[in-house]
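Each chain is listed here by its residues.
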Amino acid sequence: DAGVIQSPRHEVTEMGQEVTLRCKPISGHDYLFWYRQTMMRGLELLIYFNNNVPIDDSGMPEDRFSAKMPNASFSTLKIQPSEPRDSAVYFCASRLDGGRELFFGEGSRLTVL
Amino acid sequence: GNSVTQMEGPVTLSEEAFLTINCTYTATGYPSLFWYVQYPGEGLQLLLKATKADDKGSNKGFEATYRKETTSFHLEKGSVQVSDSAVYFCALRGGDYKLSFGAGTTVTVRA
């Protein structure tokens, strides 16, 4: 079975540009999570969805960040405009309702110059 | 709120050495506890878990026991291999179903 699929795997962009990261969760999973990983702050939960509805976005750093989940098989995390301090690895993860294991994608490494 | 504190790294070991990574937590109620592993260039993978006090999670030679009295979930392996080189994350899930991760401990095993 396919795991959580993220794209792009690597993105290099210039400050001020819009960045869109994509995630396809495991089919049938009810919960989807977006995490950011940096050396300074470790893993931070940005936002999570249950049945396509955003439940908690308190981890989203600022208004430049937005996330959507238009259907059960797709989610996006958008940064507009991007800044160098947004450089990080962004992970998407999903799990079943009631399930204890969180399944992670391979991450999208973002570099903002 | 819920939080996890784990031993800072990096940790460098020789093959066949004993590995311990300390993890303590703060939580209300009865959280579930996890260890995740991240190999270079990959996402996190669940290594083991424990859902109630005194449970022992184990996988791939790694073990961790859920100690409520000391609020700890230390990870141990008796004889590490080069292939165990990775970043290890302790995590907690409380009643809100959100995972709180520790900062991660980088482990390097040398042949």
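Note that the coordinates shown come from a computational prediction; the quantities given were computed from them, not determined experimentally.

**Student:** I'm lost on the overall build of chain B in this one. Help?
**Tutor:** Within chain B, the secondary structure is distributed over 0 helices and 12 strands. Along the chain direction, N to C, the helices and strands of chain B fall in the order β-β-β-β-β-β-β-β-β-β-β-β. Against the 2.2 N^0.38 benchmark of 13 Å for 111 residues, chain B shows a C-alpha radius of gyration of 13 Å, consistent with a compact globule. With the principal axes as the frame, chain B shows a C-alpha extent of 45 × 25 × 20 Å. Per-residue burial over chain B gives 47% buried out of 111 residues. Counting 10 positive and 11 negative side-chain charges, chain B places the centres of these two groups 6 Å from one another.

**Student:** Help me understand the pattern of salt bridges, please; the structure alone is not making it clear to me.
**Tutor:** As enumerated under the stated definition, the model contains 12 salt bridges over all chains in all. In this structure, the salt-bridge partner of E63(B) is K56(B), at a minimum N-O distance of 3.6 Å. On the basis of relative accessibility, which here comes to 34%, the residue E63(B) falls in the partly exposed class. Linked by salt bridges that have partners in common, E62(A), R64(A), E83(A), R85(A) and D86(A) make up one network.

**Student:** When you look at the interface of chain B and chain A in this model, what are you seeing that I'm missing?
**Tutor:** Accessible area lost when the parts come together is the quantity often used to give the size of an interface. With 18 residues of chain B in contact, the opposing surface of chain A contributes 17 residues. Regarding the contact of chain B and chain A, the summed buried area is about 1,500 Å², with carbon and sulfur atoms giving 55% of it. Taken as a group, L44(B), R93(B) and K98(B) account for 30% of the area that chain B buries against chain A, more than any other trio of residues on that side. Between the two partners, chain B and chain A, sit 0 salt bridges.

**Student:** Explain the sheet that holds strand β8 (residues 62–65) of chain B here, please?
**Tutor:** Two orientations exist for strands paired in a sheet by backbone hydrogen bonds: parallel and antiparallel. All names here are of chain B. Within the open sheet, the 4 strands sit side by side as β3-β9-β8-β7. Their pairing is antiparallel. Lying at the two open borders of the sheet, with one neighbouring strand each, are β3 (19–21) and β7 (56–59). The sheet shows a mean angle of 15° between the axes of neighbouring strands, taken without regard to direction. When β7 meets β8, the two strands line up antiparallel, connected through 4 bridges. Note on β8: the bridge partner recorded for G57 is A64.

**Student:** So what exactly am I meant to see when it comes to the side chain of T105(B) here?
**Tutor:** Residue and element names in this part refer to chain B. By the element assignment, T105 lies in strand β12 (residues 105–110). At 2.8 Å, the side chain of T105 and the side chain of Q6 are in polar contact. Within the local environment of T105, its side chain forms a polar contact with the backbone oxygen of M7, the two atoms lying 2.5 Å apart. With residues near it in sequence (within four places) discarded, T105 still touches Q6, M7, E8, G9, V11, I21, A86, V87 and Y88.

**Student:** Would you take a moment to explain the pairing of strand β1 (residues 3–6) of chain B for this structure?
**Tutor:** Residues in a regular strand project their side chains so that they alternate between the two faces of the sheet. All names here are of chain B. Of the two faces of β1, the one holding V4 and Q6 is buried and the one holding S3 and T5 is not buried anywhere. As defined by bridge partners, β1 adjoins strand β4 (residues 23–26) across 4 bridges and the pair is classed as antiparallel. Paired with S3 across the two strands is T26, which belongs to β4.

**Student:** Sorry if this is basic, but what is going on with the environment of Y66(B) here?
**Tutor:** Residue and element names in this part refer to chain B. For Y66, the position within the fold is in the loop between β8 and β9 (75–77). Under the relative-accessibility criterion, Y66 is labelled buried at 1%. When sequence neighbours within four positions are dropped, the list of residues in contact with Y66 reads Y25, Y30, P31, L33, A50, T51, K52, A53, D54, D55, S72 and F73. Within polar-contact distance, the side chain of Y66 engages the backbone oxygen of P31 at 2.7 Å.

Conventions we followed
- Residues numbered from 1 in each chain as written.
- Chains lettered and ligands numbered in written order.
- Predicted model: local features only at pLDDT ≥ 70, side-chain atom pairs only at ≥ 80, totals over all residues.
- Heavy atoms only, no water.
- Helix = DSSP H or I, 4+ residues; strand = E, 2+ residues; numbered from the N terminus.
- Rg over C-alpha atoms; globule rule 2.2 N^0.38 Å.
- Buried < 20%, exposed > 50% of the residue type's maximum accessible area, 1.4 Å probe, protein only.
- Lys, Arg positive; Asp, Glu negative; His and termini not counted.
- Charge placed at Lys NZ, Arg CZ, Asp CG, Glu CD.
- Salt bridge = Lys/Arg side-chain N within 4 Å of Asp/Glu carboxyl O.
- Contact = heavy atoms within 4.5 Å.
- Buried area = accessible area lost by both parts, 1.4 Å probe.
- Pairing = 2+ DSSP bridges.
- Axes fitted to C-alpha atoms, helices over the stretch in contact; angles between N-to-C directions.
- Polar contact = N/O pair within 3.5 Å; in protein donor to acceptor, adjacent residues only side chain to side chain.

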